[in-house]
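Survey of secondary and tertiary structure
The chain contents come next:
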Amino acid sequence: MIPEHIIWTGDFLRLLDQTRLPEEIAYLDCKTPHDVAAAIKRLSVRGAPAIGVAAAYGVILGMDNLNETIKLLASTRPTAVNLFWALERMKECINQHQGMNIDQLRQILIKEACLIHEDDKEKCKRIGAFGASLINDGDGILTHCNAGALATGGIGTALGVIYTAIEQGKKIRVYADETRPLLQGSRLTAWELKAAGVDVTLICDNMAGVVMREGRINLVVVGADRITSNGDVANKIGTYSVAVLAEKHNIPFFVAAPTSTIDMSLSDGSMIPIEQRAEEEITCGFGRQTAPDNIKVYNPAFDVTPHELIKGIITETGIAEAPYEKSIEVMMHLHRS
Ligand code: MRU
């Protein structure tokens, strides 16, 4: 298994710097909310649930001006709703303990951030258990980006499903899309699965169609950054293309995510803010120029997969299926009760 990647030391936040993987295991010590914000922006910590957990710890580092700290952390990445969900929980906790002295409040906020972290671990386990029931012995599974331990506080969401199925004794072959432009599939998913001893094969994103056509894939499972109340799903750029390919080849396409990724305030995917990232990620990825000077670039970090293409959304409270308005409401209700 991978080393701990989000560590609250008691004084500051230590993060495994995911930008250095797989070459190097290096840690980043975040001692101010600015350090945490910078780490989230540059993807040293990434993946929707992990961003939320890191931001919750980040709040504790900026207690001299909590409003400013929360604003700063909220300004880092716009798409993954877990960030705003975790900050909202920290804000509520602050509001509930107004009038307390700063040391007492600090202890309470540490407890809350640890709880968010622990809860995510538990949610991953439950997602894994629900999702594993969909997987048969001998299946080939395709995944996109990294929705594994590195992206969460636990075993992962999409990869949590895979780890759990393997634990149940099922033999599984995983195909990992490399995930252009930042290669989370190659640098992180392939690394993490290999470290766990999983049978993983790395493919370029543009090979997904052919591996499906060759009959190597029985099921697709990916994570999510934000799910709207009608079941539309924002996830790493390229997810939509995979879903279209899966539909064409009659392969069930599943999303695995905790209920903290569901944004009930948005009725459909067109309302999800999509992060646009630097041109250099495409023109000069990993330090080598790969495009002509001054070329126009479009670099959205996420896309939206419409709910019609999704067979089921695996949450910690169960598996939502069409009609999603109803089933997502049930999942949210189970989560609150
Ligand atoms: O830009 P990233 O690496 O933060 O994008 C991550 C993803 O798109 C993941 O699939 C998603 O956050 C789910 S993580 C359990």
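What you see is a predicted model; the values in this text were computed from it and never measured.

Structural notes on the domain arrangement of the protein chain
- Considered domain by domain, the protein chain is made up of domain 1 (6-123) and domain 2 (128-336).
- Put simply, the middle of domain 1 and the middle of domain 2, counted by C-alpha atoms, are 24 Å apart.
- Taken together, the 26 residues of domain 1 in the interface contact 29 residues of domain 2.
- With both sides pooled, the region where domain 1 packs onto domain 2 buries about 2,300 Å², and carbon together with sulfur makes up 56% of that total.
- At the boundary of domain 1 with domain 2, the tally comes to one salt bridge.
- There are 15 residue pairs in polar contact (both at pLDDT 80 or more) connecting domain 1 and domain 2.
- Those elements that provide at least two residues to the side of domain 1 that touches domain 2 are α2 (48-60), α4 (81-96) and α5 (102-132).
- Considered class by class, the residues forming the side of domain 1 that touches domain 2 number 14 nonpolar, six polar and six charged.

With respect to the sheet that holds strand β12 (residues 302-305)
- Read from one edge of the open sheet, four strands run β11-β8-β9-β12, paired in mixed fashion. Each edge of the sheet is formed by a strand with only one pairing partner; in this case those strands are β11 (262-263) and β12.
- Across two bridges, the pairing between strand β8 (residues 226-228) and β11 is parallel. Residue Thr-228 lies in a different strand from β11, and its bridge partner there is Asp-263.

Structural notes on the pairing of strand β2 (residues 13-16)
- Pairing analysis gives three bridges linking strand β1 (residues 6-8) to β2, with the strands arranged antiparallel. The partner of Ile-7 across the bridge, within β2, is Arg-14.
- Linking two consecutive strands that pair antiparallel, namely β1 and β2, is a turn of four residues; a positive phi of about 110° is found at Gly-10 within it.
- Here β2 pairs with strand β3 (residues 27-30) via four bridges, running antiparallel. In the strand pairing of β3, Leu-13 is matched with Cys-30.

A short note on the packing of aromatic side chains
- The final tally for this structure, using the stated rule, is one aromatic pair.
- Ring centres 5.5 Å apart and planes at 5° place the aromatic pair Trp-8 and Tyr-57 in the stacked group. Of this pair, Trp-8 sits in strand β1 while Tyr-57 sits in helix α2, and the two are 49 residues apart along the sequence.
- Residue classification places Trp-8 among the buried positions, given a relative accessible area of 15%.
- For Tyr-57, a relative accessible area of 3% gives the class buried.
- Between the NZ or CZ atom of Lys-31 and the centre of the ring of Phe-12, over which it lies, the distance is 4.7 Å.

Some thoughts on the site of the ligand
- Near the ligand there are 18 residues, and of these Ala-48, Arg-77, Asp-225, Asn-235 and Lys-236 occur at the shortest range.
- Between the ligand and the protein, one listed contact pairs an oxygen atom with a side-chain N or O atom of Gln-184 at 2.9 Å.
- Take Asn-235: an N or O atom from its side chain is 2.6 Å from an oxygen atom of the ligand.
- For the shell around the ligand, the secondary structure elements donating two or more residues are α2 and β9 (233-236).
- In terms of residue class, the shell around the ligand is built from seven nonpolar, seven polar and four charged.
- For the shell around the ligand, the domains that each give at least three residues are domain 1 (6-123) and domain 2 (128-336).

Brief notes about helix α3 (residues 66-74)
- Looking only at α3, the buried set comprises Leu-66, Thr-69, Ile-70 and Leu-73. Looking straight down α3, one finds that the buried residues subtend no more than 95° of arc, so they occupy a single side. α3 presents Asn-67 and Lys-71 as exposed residues on the side facing more than 90 degrees away from its buried surface.

Observations regarding the nonpolar core
- Counting 38 residues, the largest nonpolar core has Leu-13, Val-59 and Leu-109 as the members making the most contacts within it.
- Among the secondary structure elements, those contributing two or more residues to this core are β1, β2, α1 (33-41), α2, α3, α4 and α5.
- When residues in this core are grouped by element, the largest group, ten residues, is from α2.
- Met-212, Ile-251, Ile-262 and Ala-320 belong to the second-largest nonpolar core, a separate cluster that totals 28 residues.

As for the side chain of Asn-146
- Tracing the backbone shows Asn-146 in the loop between β4 (140-143) and α6 (158-167).
- We classify Asn-146 as buried; its relative accessible area is 4%.
- A polar atom in the side chain of Asn-146 sits 3.4 Å from the backbone nitrogen of Gly-148.
- A polar side-chain atom of Asn-146 sits 3.3 Å from a polar atom in the side chain of Glu-192.
- For Asn-146, the residues in contact, after removing those within four places along its chain, are Arg-46, Ala-151, Leu-159, Gln-184, Leu-188, Thr-189 and Glu-192.

Here's the deal with unusual backbone geometry
- In this model, Leu-21 is joined to Pro-22 through a cis peptide bond whose omega is 5°.
- Counting through the fold element by element, Pro-22 comes out in the loop between β2 and β3.
- In the segment running from Arg-180 into Pro-181, the intervening peptide bond is cis, with an omega of 0°.
- Note on placement: Pro-181 falls in the loop between β5 (173-177) and α7 (184-195).
- Despite not being glycine, Leu-43 has its phi angle at roughly 70°, a positive value.
- When its relative accessible area of 8% is taken as the criterion, Leu-43 is described as buried.
- The backbone of Cys-145 shows a phi angle near 65°, a positive value even though the residue is not glycine.

Each value, and the rule that gives it
- Residues numbered from 1 in each chain as written.
- Predicted model: local features only at pLDDT ≥ 70, side-chain atom pairs only at ≥ 80, totals over all residues.
- Heavy atoms only, no water.
- Domains from an automatic or database assignment.
- Contact = heavy atoms within 4.5 Å.
- Buried area = accessible area lost by both parts, 1.4 Å probe.
- Salt bridge = Lys/Arg side-chain N within 4 Å of Asp/Glu carboxyl O.
- Polar contact = N/O pair within 3.5 Å; in protein donor to acceptor, adjacent residues only side chain to side chain.
- Helix = DSSP H or I, 4+ residues; strand = E, 2+ residues; numbered from the N terminus.
- Nonpolar A, V, L, I, M, F, W, Y, C, P; charged D, E, K, R; others polar.
- Pairing = 2+ DSSP bridges.
- Phe/Tyr/Trp six-rings, centres within 6.5 Å; stacked < 30°, edge-to-face > 60°.
- Buried < 20%, exposed > 50% of the residue type's maximum accessible area, 1.4 Å probe, protein only.
- Lys NZ or Arg CZ within 6 Å of the ring centre and 35° of its normal.
- Near = heavy atom within 4 Å.
- Arc of directions from axis to C-beta.
- Core = buried A, V, L, I, M, F, W, Y, C linked by side-chain atoms within 4.5 Å.

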